[in-house]
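Secondary and tertiary structure notes
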Amino acid sequence: MSVSYFVRYTGKAEDPEGFKAHYRGAHSEIMKQYPRIRACRLHCPVEWHDPVPVNKDQIFMLAELIFDSLEDLNFSLQSEARMRSRADFNNFPKLQDGYIVHVATQTETLFDFRQTS
């Protein structure tokens, strides 16, 4: 099992492509310096159709930082790199009518057809 730290961005960015470009570029370069981080995934919504009625989330973007353990996540969150990434948020194009939430989860893979035995 691993631990994922999700940062969920809602609302609209003044410059959506600029926001994503900053995240993919300068911001991810800072996050690469987090001690013990294993990976970072960026999830951007796509238009999808489900025949079953569901409540669609209104996210702008979802970032997932992956660690091997809760101890690794907590160690990383105390790092200087974490403080630099937090300060870097002031360099992003502004989000309007939205908010940002953070959540840490333990991740258990129930099945993965891509893995071979």
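Everything here concerns the structure above.
Let us look at the structure shown here.

Rules used in this analysis
- Residues numbered from 1 in each chain as written.
- Predicted model: local features only at pLDDT ≥ 70, side-chain atom pairs only at ≥ 80, totals over all residues.
- Heavy atoms only, no water.
- Axes fitted to C-alpha atoms, helices over the stretch in contact; angles between N-to-C directions.
- Helix = DSSP H or I, 4+ residues; strand = E, 2+ residues; numbered from the N terminus.
- Parallel < 35°, antiparallel > 145°, perpendicular 65-115°, else oblique.
- Contact = heavy atoms within 4.5 Å.
- Nonpolar A, V, L, I, M, F, W, Y, C, P; charged D, E, K, R; others polar.
- Core = buried A, V, L, I, M, F, W, Y, C linked by side-chain atoms within 4.5 Å.
- Buried < 20%, exposed > 50% of the residue type's maximum accessible area, 1.4 Å probe, protein only.
- Phe/Tyr/Trp six-rings, centres within 6.5 Å; stacked < 30°, edge-to-face > 60°.
- Lys NZ or Arg CZ within 6 Å of the ring centre and 35° of its normal.
- Arc of directions from axis to C-beta.

The subject of this paragraph is the packing of helix α1 (residues 16–31) against helix α3 (residues 80–88). Axis separation between α1 and α3 bottoms out at 8 Å; the angle between their running directions is 155°. One finds that α1 runs roughly antiparallel with respect to α3. Touching His22, His27, Ile30 and Met31 of α1 are Ala81, Arg84, Ser85 and Asp88, all from α3. Across the contact of α1 with α3, the residue classes tally to 3 nonpolar, 3 polar and 2 charged.

A few words now on the nonpolar core. Counting residues in each nonpolar core, the largest one holds 19 residues, and the members touching the most others are Tyr5, Tyr9, Phe19, Tyr23, Tyr34, Leu65 and Phe67. Counting residues per element, the ones that place at least two in this core are β1 (2–10), α1, β4 (59–67) and α2 (70–77). When residues of this core are assigned to their parent elements, the largest contribution, 5 residues, is made by β4. When residues no more than four places from it in sequence are discounted, the contact partners of Phe67 are Ser2, Val3, Tyr5, Tyr34, Pro35, Arg36, Ile37, Arg38, Asp72, Leu73 and Ser76.

It is worth spelling out the packing of aromatic side chains at this point. Overall, the coordinates contain 8 aromatic pairs when judged by the stated rule. Geometrically, the ring pair formed by Tyr23 and Phe92 is tilted, given 5.8 Å between the ring centres and 55° between the ring planes. Of this pair, Tyr23 sits in helix α1 while Phe92 sits in the loop between α3 and β5 (95–96), placing them 69 residues apart in sequence. Note on accessibility: Tyr23 and Phe92 belong to one class, buried. Judged by centre distance (5.3 Å) and plane angle (35°), the rings of Phe89 and Phe92 are tilted. Residue Phe89 is classed as partly exposed on the basis of its relative accessible area of 30%. By relative accessible area, Phe92 is classed as buried at 4%. Taken together, the ring pairs in this structure connect Tyr9, Phe19, Tyr23, Phe60, Phe89 and Phe92 into an aromatic cluster. Lying across the ring of Phe75, Arg36 places its NZ or CZ 3.9 Å from the centre.

Now for the environment of Gln115. Looking at the element boundaries, Gln115 is found in the segment after β6 (100–107). Note: C-alpha distance between Gln115 and Glu64 (51 residues apart in sequence) is 21 Å.

Mapped onto the fold, Ser2 is located in strand β1. In this structure Ser2 touches Arg38, Ile66, Phe67, Asp68, Thr105, Gln106 and Thr107, once residues within four positions along its chain are discounted.

Right, let's talk about α2 for a bit. Along an α-helix, residues three or four positions apart point the same way, because every turn accommodates 3.6 residues. When we look at burial in α2, the residues that qualify are Asp72, Leu73, Ser76 and Leu77. Viewed end-on, α2 has its buried residues packed into an arc of 130°, placing them on one side of the element. Packing partners of the buried residues in α2 comprise β1, β4, α3 and β6.

In short, shape yes, function no, at least from these values alone.
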